[in-house]
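What follows is each chain in one-letter form.
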Amino acid sequence: MRYARALSMAMLAIGAVACKDKEPEKAPAPTAAETKTSAAPSAVGDTITIGHVGSMTGNEATFGQSTDNGIKLAVDEINKKNGIKGKKVVLKTYDDQGKPEEAAVASTRLVTQDKVLVYLGEVASSRSIAMGPIADSNKIPMISNASTNPKVTKDGDKTRPFVFRVCFIDPFQGTVMAKFAAENKKFKKVAILRDVGNDYSVGLATFFTNKFKELGGEIVDDVSYKAGDQDFKAQLTKLKSKNAEAFFVPGYYTEVALIARQARELGIKAPFLGGDGWDSAKLYEIAKGALDGAYFSTHYSAEDTSPIVQEFITKYKGAYNSVPDAYGVLGYDAANVAFAAIDKAKELTGQAVRDAIEETKGYKGVSGTITLDKDHNAVKSAVVIGVEKNVGKFAATISP
Amino acid sequence: MTEFLQHLVNGLSVGTIYALIALGYTMVYGVLKLINFAHGDVYMVGAFAGLYVARGIGVDAEPSIFKAGIVFVGSILICAALGVLIERFAYRPLRQRARLTALITAIGVSFLLEYGFQLPPIINGEVPFPPGPTPRFFPEPFARVDFEPLGVHISNYDLVSLIVAVGFMFALQYIVYRTKFGTAMRAVSFDAGVAGLMGVNVNRVIVWTFALGSGLAAAAAILVAGSRPSINPLLGLLPGIKAFVAAVFGGIGNVQGAMVGGLVLGLAEEYVAGYLLSSYRDGIAFALLIIILLLRPEGLFGRVRAEKV
């Protein structure tokens, strides 16, 4: 009998929670009172908590670590300036090991347990796509620092109201590389090697293909691999016979470097092309020179002479004793966009901060000027880096 | 033609690895009728053991054949010891229970190794222990030299792998069929109870079988890591399953069967990825094996044993 009562109580409780969860969906434009209940605790007391979900370990560990370094730098700076609205900023970082399911768990934890006001992350699109719905359903804004897949800020045709990003998107990046290959390098035949399990890689490959064909080029073959594979020789042997002038490999640095090494072992001399997933000091460490002659698009170059970039590099070097890669820069920019929005927001709630982020216009970041379009994407120019003697060198800037 | 031959070389180099791992499955199954699902993870531990040894003796700074030998033998010994430990603490206490129990423990041990190796480090060093989920890079144990007969690229790594693997297989064949220990192994395999009554030390035979099988997995790991240098704690997952399939395909419990099964699987994968769809590399190769097993359920070299009722 007692069990029956406990059970019915539990059922009631579950029912109540379920109803509460559904409420925001029914009312797309919530009143101020409603949002307060879902996001009010985020800035209680004299601190503001912000979150970061990143791959601190795993296949793409340098992505998360660089981003976190950038964010920490921004947090330290703002706290030295006495914080935002007189409140100190506290950063909570969770590791997702490079797994989308872990990224979703980590963001839920940030929102429900740590009561963050805004959270940042991820570099990888597949992880950001997993995190986006949590931002929307909890009404806590999320700023992706470097996910370039269009689906990150989209829910079908609709724009996700609480998801933003401070980087350009894949259609632009893929187009940039297709233009670069066809116009600057005069390549006619390109082969593609894509990571089928990765939204980012598939997106870039598709946009590259479309633009390259439009410019009169030919895609001689399009083969696939999976992240974590050890052996790429079957695909490379197949591609070798197609006599491509270049290979487009829009993957992440670990696999790309291994693919390049195995390609050289098979006697393939064609240069490689890729996207910002290559951008890591580890790329050169693993490739050991196999990527010489390659080009990839990314968000910034350390050789950029503009004062804002050089000033940031000096600060970053002072703190971490290394030259920042694009993810350090984007982490810093994402955090500062968030801080500017919190400062501007009328009150410290998820909804108010969201409204402020949406109005970001002409923000001068290290990675360029950030203006968010109606789909919450930053429209910015891309940089092309060329690899020479196992070192990345600035090759070109391409504007949207 | 060149392309076809290149696929052949690539397929053989992958296939020998599957074969070496499959030998471990087959031996343990042959003796105990236990599918040791932790075997793929012993292979993973072998790669890391090799990495620690390589760091310890400074292979990075100046690689040499001598140091490569130390890494190789060191890793084999560490894994053989691990195999003995796993047998002693995970399988022996449950040996008299239903066979399903042992299978579940095997899966447990497998997860323990995979996720145990991803825990935050206890011992901090250049490469910490446990290493965590970040991939590590295996140093080249000796200088790479490429040959190019008929336009087909072969490196000295491929040749060394092939020679070492085939050498191990023949050595194993010799041990099983020509030595006293091998006779004891086959006797335990036939009927452990009766073999025990005949004066065979069953426990000792089983321990040595595990040590031998685990050592072979470590050898495979070092051969792979030398030329495909990225290693991480989930490394053993897929090769483990594939080698298991190779062993079943060849007729589980049969040494030649495991060798042939491994090679066939390696070649099948390579040609599927090379001439058909690369996305279906794993899928089609497995499908092929399922079809063959439908036609010959006991495996290529397996014998149908008449069950006494």
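- Taking an unreviewed UniProt entry as the reference, chain B is identified by name as Branched-chain amino acid ABC transporter permease belonging to Pendulispora albinea.
- Quoted verbatim from the Sequence similarities (unreviewed entry) heading of the UniProt record, the comment on chain B is "Belongs to the binding-protein-dependent transport system permease family. LivHM subfamily."
- UniProt's Subcellular location (unreviewed entry) comment on chain B is quoted here verbatim: "Cell membrane".

- In the annotation of an unreviewed UniProt entry, chain A is listed under the name ABC transporter substrate-binding protein and assigned to Pendulispora albinea.
- The record in UniProt for chain A states the following under Sequence similarities (unreviewed entry): "Belongs to the leucine-binding protein family."

1. Looking at the overall build of chain B
Here's step 1: Scanning chain B from terminus to terminus reveals 11 helices and four strands.
Here's step 2: A compact globule built from 309 residues would reach a C-alpha radius of gyration of about 19 Å, and chain B, at 19 Å, matches this within 12%.
Here's step 3: On the principal axes, the C-alpha backbone points of chain B span a range of 60 × 50 × 35 Å.
Here's step 4: Relative to its full complement of 309 residues, chain B shows a buried share of 53%.
Here's step 5: When contacts within chain B are restricted to residue pairs at least 6 apart in sequence, those whose partners lie at least 24 apart make up 74%.
Here's step 6: Total accessible area on chain B stands at roughly 14100 Å², and carbon and sulfur atoms take up 71% of it.

2. A look at the overall build of chain A
Here's step 1: Counting secondary structure elements, chain A contains 13 helices and 16 strands.
Here's step 2: Across the 400 residues of chain A, 57% fall into the buried class.

3. A word on the nonpolar core
Here's step 1: Counting 85 residues, the largest nonpolar core has Ile50, Ile143, Phe247, Phe272 and Leu291 of chain A as the members making the most contacts within it.
Here's step 2: A per-element tally of this core places helix 12 (residues 326-344) of chain A first, with 12 residues.
Here's step 3: Here this core gathers at least three residues from each of two domains, domain 1 (32-167 + 307-380) and domain 2 (170-298) of chain A.
Here's step 4: Setting aside residues up to four positions removed in sequence, Ile143 of chain A forms contacts with Val118, Tyr119, Leu120, Gly121, Phe164, Arg165, Val166, Ala334, Val337, Ala338 and Ile357 of chain A.
Here's step 5: Counting residues in hydrophobic clusters, the runner-up holds 76 residues, among them Tyr43, Val59, Ala218 and Ala246 of chain B.

4. Side note on the sheet that holds strand 12 (residues 295-298) of chain A
Residue and element names in this part refer to chain A.
Here's step 1: Spatially, 9-8-10-11-12-15-16 is the arrangement adopted by the seven strands of the open sheet, whose pairing is mixed. Looking at the sheet topology across the chains shown, the edges are occupied by strand 9 (218-225) and strand 16 (391-398). Neighbour-to-neighbour, the strand axes of the sheet open up by a mean angle of 25 degrees, direction not taken into account.
Here's step 2: Where helix 7 (residues 199-214) meets the sheet, its contacts fall on strand 8 (189-195), strand 9, strand 10 (246-248) and strand 11 (272-274), and the angle it forms with strand 8 comes to roughly 165 degrees.

5. Thoughts on helix 6 (residues 170-184) of chain A
Residues and elements named next belong to chain A.
Here's step 1: With 15 residues, helix 6 should reach 21 Å at 1.5 Å per residue; the first-to-last C-alpha distance of 20 Å fits that figure.
Here's step 2: Among all positions in helix 6, only Asp170, Phe172, Gln173, Gly174, Val176, Met177, Ala178, Phe180, Ala181 and Ala182 are buried.
Here's step 3: Residues of helix 6 that are buried in the fold lie against helix 7, strand 10, strand 11, strand 12, strand 15 (382-388) and strand 16.
Here's step 4: One or two steps after helix 6, the chain reaches Lys186, where phi turns positive at roughly 55 degrees.

6. Some thoughts on the domain arrangement of chain A
All names here are of chain A.
Here's step 1: Once the domains are mapped, chain A shows domain 1 (32-167 + 307-380) and domain 2 (170-298).
Here's step 2: The distance between the C-alpha centroids of domain 1 and domain 2 comes to 30 Å.
Here's step 3: Residue-level contacts link 18 residues of domain 1 with 17 residues of domain 2.
Here's step 4: Note on domain 1 versus domain 2: buried area summed over both sides is about 1400 Å², and carbon and sulfur give 46% of it.
Here's step 5: Connecting domain 1 to domain 2 are one salt bridge.
Here's step 6: Between Lys151 and Asp199 there is a salt bridge, with the nearest N and O atoms lying 4.0 Å from each other.
Here's step 7: On inspection of domain 1 and its partner domain 2, the count reaches nine residue pairs in polar contact (both at pLDDT 80 or more).
Here's step 8: Elements with a contribution of two residues or more to the side of domain 1 that touches domain 2: helix 3 (61-80), helix 5 (125-138) and helix 12.
Here's step 9: Here the residues of the side of domain 1 that touches domain 2 sort into eight nonpolar, six polar and four charged.

7. Some thoughts on the interface of chain A and chain B
Here's step 1: Tallying the contact residues gives 27 residues for chain A and 29 residues for chain B.
Here's step 2: Of the roughly 2500 Å² buried between chain A and chain B on both sides combined, carbon and sulfur atoms contribute 49%.
Here's step 3: Of all residues in chain A, Gln230, Asp231 and Glu265 of chain A give up the largest surface area on contact with chain B, accounting jointly for 24% of the area buried on that side.
Here's step 4: Our count for the chain A to chain B interface comes out at four salt bridges.
Here's step 5: Of the charged contacts in the structure, one is a salt bridge between Arg144 of chain B and Glu265 of chain A, with a shortest N-O distance of 3.3 Å.
Here's step 6: Counting across the interface, chain A meets chain B through 11 residue pairs in polar contact (both at pLDDT 80 or more).
Here's step 7: Looking at the side of chain A that touches chain B, the elements with two or more residues in it are strand 9, helix 8 (233-240) and helix 9 (253-265) of chain A.
Here's step 8: Looking at the side of chain A that touches chain B residue by residue, the class counts come to seven nonpolar, 12 polar and eight charged.

8. Describing the UniProt feature "domain: Leucine-binding protein" (unreviewed entry) in chain A
Here's step 1: With numbering matched to this structure, UniProt assigns "domain: Leucine-binding protein" (unreviewed entry) to residues 47-388 of chain A.
Here's step 2: Note that residues 47-388 of chain A is 43% helix and 20% strand, and that its end C-alpha atoms are spaced 47 Å apart.

9. Some words on the UniProt feature "transmembrane region" (unreviewed entry) in chain B
Residues and elements named next belong to chain B.
Here's step 1: As annotated in UniProt, the feature "transmembrane region" (unreviewed entry) corresponds to residues 12-35, 42-59, 65-86, 98-117, 159-177, 206-226 and 272-295 in the numbering used here.
Here's step 2: Along residues 42-59 one finds 89% helix and 0% strand; the C-alpha atoms at either end are 23 Å apart.
Here's step 3: Along residues 272-295 one finds 79% helix and 0% strand; the C-alpha atoms at either end are 21 Å apart.

10. Topic: the pairing of strand 16 of chain A
Residues and elements named next belong to chain A.
Here's step 1: Here strand 15 pairs with strand 16 via seven bridges, running antiparallel. Its bridge partner being in strand 16, Glu388 is matched across the sheet by Val391.
Here's step 2: As consecutive antiparallel partners, strand 15 and strand 16 are separated by two residues, and within that stretch Lys389 has a phi angle of approximately 45 degrees, a positive value.

11. Topic: a nonpolar patch on the surface
Here's step 1: Taken together, the side chains of Met1, Phe4, Tyr275, Leu276, Leu277 and Tyr280 of chain B present a nonpolar region at the surface, about 680 Å² in accessible area.
Here's step 2: Examined against the element boundaries, Tyr275 of chain B turns out to sit in helix 10 (residues 255-275).

12. Quick look at the packing of helix 1 (residues 2-32) of chain B against helix 8 (residues 202-227) of chain B
All names here are of chain B.
Here's step 1: The N-to-C vectors of helix 1 and helix 8 enclose an angle of 170 degrees; their axes lie 8 Å apart at closest approach. Considering their axes alone, helix 1 and helix 8 lie roughly antiparallel with respect to each other. Facing Ile17, Leu20, Ile21, Leu23, Gly24, Met27, Val28, Val31 and Leu32 of helix 1, the residues of helix 8 in contact are Ile206, Thr209, Phe210, Leu212, Gly213, Leu216, Ala220, Leu223 and Val224.
Here's step 2: In terms of residue class, the contact of helix 1 with helix 8 is made up of 15 nonpolar, three polar and no charged.

13. Focus on helix 3 of chain A
Residue and element names in this part refer to chain A.
Here's step 1: Over its 20 residues, helix 3 runs 29 Å from end to end, which matches the ideal 28 Å to within 8%, given 1.5 Å per residue.
Here's step 2: Counted residue by residue, helix 3 has 15 buried out of 20 residues, so it is predominantly covered.
Here's step 3: Residue Asn82 follows helix 3 closely and has a positive phi angle near 75 degrees.

Scoring rules and cut-offs
- Residues numbered from 1 in each chain as written.
- Chains lettered and ligands numbered in written order.
- Predicted model: local features only at pLDDT ≥ 70, side-chain atom pairs only at ≥ 80, totals over all residues.
- Heavy atoms only, no water.
- UniProt positions renumbered as here; feature names shortened; annotations may be inferred.
- Helix = DSSP H or I, 4+ residues; strand = E, 2+ residues; numbered from the N terminus.
- Rg over C-alpha atoms; globule rule 2.2 N^0.38 Å.
- Buried < 20%, exposed > 50% of the residue type's maximum accessible area, 1.4 Å probe, protein only.
- Contact = heavy atoms within 4.5 Å.
- Areas by Shrake-Rupley, 256 points an atom, 1.4 Å probe, with all protein chains shown as cover.
- Core = buried A, V, L, I, M, F, W, Y, C linked by side-chain atoms within 4.5 Å.
- Domains from an automatic or database assignment.
- Pairing = 2+ DSSP bridges.
- Axes fitted to C-alpha atoms, helices over the stretch in contact; angles between N-to-C directions.
- Expected span 1.5 Å × (residues − 1).
- Buried area = accessible area lost by both parts, 1.4 Å probe.
- Salt bridge = Lys/Arg side-chain N within 4 Å of Asp/Glu carboxyl O.
- Polar contact = N/O pair within 3.5 Å; in protein donor to acceptor, adjacent residues only side chain to side chain.
- Nonpolar A, V, L, I, M, F, W, Y, C, P; charged D, E, K, R; others polar.
- Patch = residues over 30% accessible without salt bridge, like charges linked within 9 Å, V, L, I, M, F, W, Y side chains within 5 Å.
- Parallel < 35°, antiparallel > 145°, perpendicular 65-115°, else oblique.

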